[in-house]
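Chain residues, written in single-letter form:
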Amino acid sequence: MKFKLPNPGLEDRIPSHERLEILEKEEVDDRPKWDNKTQYMLTCVGFCVGLGNVWRFPYLCQKYGGGAFMIPFLILLVLEGIPLLHLEFAIGQRLRKGSVGVWTAIHPYMGGVGIASMCVSFLVSLYYNTIIAWVMWYFFNSFQDPLPWSHCPLNDNRTGYVEECAKSSPVDYFWYRSTLNSSTNIDDAGSIQWWLLLCLMCAWAVLYVCCIRGIETTGKAVYVTSTLPYVVLTIFLIRGLTLKGSVDGIIFLFTPDIAELSNPDTWLNAGAQVLYSFSLAFGGLISFSSYNSVHNHCEQDAVTISVINGITSVYAATVIYSIIGFRATERYDDCNDRNILSLMNTFDLPERNITADNYDKVLENLNLTYPEVIKNLNLETCNLDAFLSEGVEGTGLAFIVFTEAITKMPISPLWSILFFIMLFCLGLSSMFGNIEGVLVPLQDLKVFPKSWPKEALTGMICLVSFLIALIFVQASGNYWLALFDEFAGSIPLLIIGFCEMVGVVYIYGIDRFNDDIEFMIGHKPNIFWQATWRVISPLVMFVILLFYFVTKVNKELFYIAWNPDYVNFPILERLPFPNWIYAIIFILAGVPSLVIPGTFLFKFIRNRCRKQNDLQPLQTVASAVSINGLSN
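Just so we're clear, the structure is a prediction, and the values are computed from it rather than from any experiment.

1. Side note on the overall build of the protein chain
Move 1: On a plain count of helices and strands, the protein chain comes out with 26 helices and 2 strands.
Move 2: Its C-alpha radius of gyration of 29 Å places the protein chain within 12% of the 26 Å reference for a compact globule of 632 residues.
Move 3: With the principal axes as the frame, the protein chain shows a C-alpha extent of 125 × 50 × 45 Å.
Move 4: The buried share of the protein chain, reckoned over its 632 residues, is 54%.
Move 5: A separation threshold of at least 6 residues defines the contact pool for the protein chain, and within that pool the share at least 24 residues apart is 82%.
Move 6: Between the averaged position of the 41 positive side-chain charges in the protein chain and that of its 55 negative side-chain charges there is a distance of 10 Å.

Here it is as C-alpha cells:
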C-alpha cells in the first residue's frame, strides 16, 4: 500500500511529456537556455562551492574532532545532500519553472515553499555580499609592502604604538578597528564607515553587471569565478607544504577524536553544513536546472556536483590547515624564543647556549637547581597543539588567522592578493545563485509588471538589497552580520528541505516522479534513490530539525564583542543579546519558516470563501424555483 495525499487538478497544472517534447523540438519555450553543459555545471559548482567551504567547514572540523567530523559529514552528504540535490535538479528540469512556480504547480497550497526559499536567498544575499565588500577592502589594501595588518600604527605622539593594538595584535587591530571600527556592543550602532560603504557599493555594482541579463551574463562569468579558486587553492597548497609546520597542521586536521561521534552537536552541525554547503533549499538550483534540455541527465549531474563539493570541502580544509600549521609553528617558536631570552638574561648565559632543541632539557635542569627563580620568571606555556586548536569561527578564519599567516610569508602582498581574489570569486559565484533565487520567484509571483526588462528587475533587487545592507557597514555591523549568518540560513533551510522532499514524494507522487525521471534520462531511479527519497532523507532532516529545536531554542543567546575596556582584553567579551533582538531573530528565522503554513492557510481560506460565494447564486435560484413551484 502506497501513501499519497489527494491532489486534484495536478494534470492541468503541469505540462505532459508530449508537450515537453514539442517545446524541446520547436524551441517555443520562452525560458532562456544554457549555451552548453559546461556552463551549467560550472554555474552549479560555483553556487554550491562558496565561502562556507573555505572557512566554515575547516572550523567545524577543528571544533568537532578533526577527521571525526568528516565521518558524519560524508554520511549525511550521501543520505541527505545528494538525494535532495537530485530531487531539486529533476523537479526543476521537469516542470521548467523557478521555485515558486514549481511548488505552486505541484499544489497551490505549497507555493509558500518557493516564497520561503526566496526569503532565505534574499536574507543571505544581504550579508553574503557584505562579506565580499570586506574582501574587496582587504584586496585593495594588499597592494602595500609591508601589509598594513603586519604592524601596529604609531600613536599620535609617535612615541610608541597605539595602545589598543599593542594590547592585542596587528591583525586583530586592523580587522576590528581599521576595517570595522567596531563598537563595543550591538546597541551602539555608531556611524556608517565610508570606506566600507564604497566597497559595498562596488560589490553590488559588480554583481549587477554580472547578473544584468540573468544566465546570459552569469554563464560567461562562471568560467572565471568557478575555476580560479581551485587554481589559487592549489597554489596555496604547494606553497603551504614548503612552510615549516604545515604537515603538523594537516595531521592535526585528519587526526580523529572518535569520542566526538557520540556528541549530538557533531551530527547536527554536519547535517546543517551539508545543506548550507550544497546551497540546497535556496531555490537557485531549481531555477538553474529549469534552463536545461528536458532530456539532460540530471542524476549524473547531481552525483558529479556532490562529489566535487565534498572533495572541495576536504581539499580546502587541507589547504587552510597547512597554513594554520605554519602559523601555529611560528607562534610556538616565538613563544619558545621569548622563554629562552628570559632564561639567558636571568642566568647570564652565553648566546646560543640554549636552543629550541635543548630548551626542555636545560629548563628541567635549571628548575631542579633554581626552582624559586624559575617560578618567579612566569615563563609562558608553549604547546603546539594548543596553538593549532585556536579556532576562529567564520570571518575570523579568513580575516584574522589566515591574514596573520600571510604576513609571515615571503612576498606577503602577492599571497594576500591571491587569497582575496579567491575569496572574491567564491563569494561572487555563490551570489549568482542567490540573486537567481530571488529574481525568478518575483517574476513567477508577478510582483513587477511583465513589461519591465530583466535589467530593471535585477537593478531594483540590487538597489533595495544595498540599502538594507547599510546596517552591516555601521560600527555594529559585524554583530548584525553574525546574527544573520546564525539564523537566516539555519532553521528555514531545514524546514524548506523537509517540505520539498515530502512535497515531491507524497503530494506530487513518487510514482509520477519516477516516470518523469525515466522520461528525462531513460531509466527509473534505483533502490538508493527510492529509499532515500521515501524514508531516509525526510527522517534525517526531521531528526536534525528536532535536535536543533531541543538544543538551541532554550539556550540563552550570546554574541562576542570587541571591547578594549574589557578586563580580559584582547579576549572578546561574551555578551547576552538585548531583549529586542529576539524580534529580529523571529524575522530572520521565523518569518521564512512560517510563510509555508501561512500561504497554505491563506489559500485554503480564500478558496473556501470563493466556494461559498459561488454557491450563493445557486441557492438563490433554487429558492426562487421552490417558491414558484409552491405558488403554482
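2. Focus: helix H11 (residues 215-225)
Move 1: Among the residues making up H11, those that are buried are Ile215, Thr218, Gly219, Ala221, Val222 and Thr225.
Move 2: Looking at the buried residues of H11, the elements they touch are helix H3 (37-48), helix H10 (194-211), helix H12 (228-241), helix H15 (284-290) and helix H21 (412-444).

3. Some remarks on the nonpolar core
Move 1: Counting 188 residues, the largest nonpolar core has Ile106, Leu423 and Phe513 as the members making the most contacts within it.
Move 2: Ignoring anything within four residues of it in the chain, the contact list for Phe513 reads Leu87, Ala90, Ile91, Val504, Tyr508 and Trp533.
Move 3: The next biggest cluster of nonpolar side chains, apart from the first, holds 9 residues, and it includes Phe347, Ile354, Tyr359 and Leu366.

4. Considering the pattern of salt bridges
Move 1: If you walk through the whole model with that rule in mind, you get 10 salt bridges.
Move 2: For Glu163, the salt bridge goes to Lys167, with nearest N and O atoms at 3.3 Å. Here Glu163 pairs with Lys167, and both are found in helix H8 (residues 163-167), just 4 residues apart, close to one helical turn.
Move 3: Assessed through its relative accessible area of 55%, Glu163 is described here as exposed.
Move 4: Arg327 serves as the salt-bridge partner of Glu404, at 3.1 Å between the closest nitrogen and oxygen. Taken as a pair, Glu404 in helix H20 (residues 395-407) and Arg327 in helix H16 (residues 298-347) lie far apart in primary sequence, 77 residues in all. Both residues of the pair, Glu404 and Arg327, belong to the buried class.

5. A word on the side chain of Thr403
Move 1: One can find Thr403 in helix H20.
Move 2: In this view, Thr403 contacts Tyr138, Trp149, Val171, Ala398 and Phe420; residues no more than four positions away in its chain are not counted.

6. Considering the packing of aromatic side chains
Remark: the centre distance and the inter-plane angle together describe each pair of aromatic rings, the angle taken between the planes.
Move 1: Going through the model one piece at a time under the given rule, you end up with 50 aromatic pairs.
Move 2: Ring centres of Phe528 and Trp529 lie 5.0 Å apart, and the angle between their planes is 70°; on these two criteria the pair is classed as edge-to-face.
Move 3: Residue Phe528 is classed as partly exposed on the basis of its relative accessible area of 28%.
Move 4: The aromatic ring of Tyr508 is capped on one face by Arg512, whose charged end is 5.8 Å from the ring centroid.

7. Section: the confidence of the model for the protein chain
Move 1: Confidence in the prediction of the protein chain, expressed as mean pLDDT, is 87, and 95% of residues score 70 or more.
Move 2: Residue range residues 621-632 is modelled with pLDDT below 50. Its contacts to residues more than four positions away, or to other chains, number 0 contacts.

8. Thoughts on the state of the cysteines
Move 1: This structure, assessed with the given rule, holds 2 disulfides.
Move 2: Residue pairing for Cys335: its cysteine sulfur links by disulfide to Cys382, the two sulfurs lying 1.9 Å apart. Here Cys335 and Cys382 share a disulfide; its torsion about the S-S bond, -80°, makes the bridge left-handed. In this pair, Cys335 sits in helix H16 while Cys382 sits in the loop between helix H18 (371-377) and helix H19 (384-388), placing the two residues 47 residues apart along the sequence.
Move 3: Sequence-ordered numbering of the bonded cysteines in the protein chain yields a pairing of 1-2, 3-4.
Move 4: Looking at Cys210, it has no disulfide partner, and the nearest cysteine sulfur is the one in Cys211, 6.3 Å off.

9. With respect to the environment of Tyr321
Move 1: Take Tyr321: it is sitting in helix H16.
Move 2: When neighbours within four sequence positions are excluded, Tyr321 is seen to be in contact with Pro58, Gln62, Ser246, Gly249, Ile250, Phe252, Leu253 and Leu388.

10. Section: the environment of Trp134
Move 1: Secondary-structure assignment places Trp134 in helix H7 (residues 111-141).
Move 2: The spacing of Trp134 and Val102 is 32 residues in sequence and 36 Å in space, taken between C-alpha atoms.
Move 3: When sequence neighbours within four positions are dropped, the list of residues in contact with Trp134 reads Trp175, Leu180, Leu196, Thr395, Phe399, Asn478 and Leu481.

11. Quick notes on the environment of Ala405
Move 1: Among the secondary structure elements, Ala405 is positioned in helix H20.
Move 2: Look at Ala405 and you get buried, because its relative accessible area is 1%.
Move 3: Between the C-alpha atom of Ala405 and that of Lys37, which follows or precedes it by 368 residues, the distance is 39 Å.
Move 4: With sequence-adjacent residues up to four places away left out, Ala405 is seen in contact with Ile323, Phe326 and Arg327.

12. Details of the packing of H12 against H16
Move 1: As a packed pair, H12 and H16 sit with axes 9 Å apart at the nearest point and diverge in direction by 35°. For the pair H12 and H16, the sense of crossing is left-handed. On the side of H12, the interface is formed by Tyr230, Leu233, Thr234, Phe236, Leu237 and Gly240, while H16 contributes Ile308, Thr312, Tyr315, Ala316, Thr318, Val319, Ser322 and Ile323.

13. Regarding unusual backbone geometry
Move 1: For the peptide bond that leads from Asp145 to Pro146, omega is 5°, which places it in the cis range.
Move 2: Its location among the elements puts Pro146 in the loop between H7 and H8.
Move 3: Of note in the backbone geometry, Ile411 takes a positive phi value of approximately 50° without being a glycine.
Move 4: Tracing the sequence through the fold places Ile411 in the loop between H20 and H21.

Cut-offs and rules
- Residues numbered from 1 in each chain as written.
- Predicted model: local features only at pLDDT ≥ 70, side-chain atom pairs only at ≥ 80, totals over all residues.
- Heavy atoms only, no water.
- Helix = DSSP H or I, 4+ residues; strand = E, 2+ residues; numbered from the N terminus.
- Rg over C-alpha atoms; globule rule 2.2 N^0.38 Å.
- Buried < 20%, exposed > 50% of the residue type's maximum accessible area, 1.4 Å probe, protein only.
- Contact = heavy atoms within 4.5 Å.
- Lys, Arg positive; Asp, Glu negative; His and termini not counted.
- Charge placed at Lys NZ, Arg CZ, Asp CG, Glu CD.
- Core = buried A, V, L, I, M, F, W, Y, C linked by side-chain atoms within 4.5 Å.
- Salt bridge = Lys/Arg side-chain N within 4 Å of Asp/Glu carboxyl O.
- Phe/Tyr/Trp six-rings, centres within 6.5 Å; stacked < 30°, edge-to-face > 60°.
- Lys NZ or Arg CZ within 6 Å of the ring centre and 35° of its normal.
- pLDDT = per-residue confidence, 0-100.
- Disulfide = S-S within 2.5 Å.
- Axes fitted to C-alpha atoms, helices over the stretch in contact; angles between N-to-C directions.
- Left-handed = near helix turned anticlockwise from the far one by under 90°.

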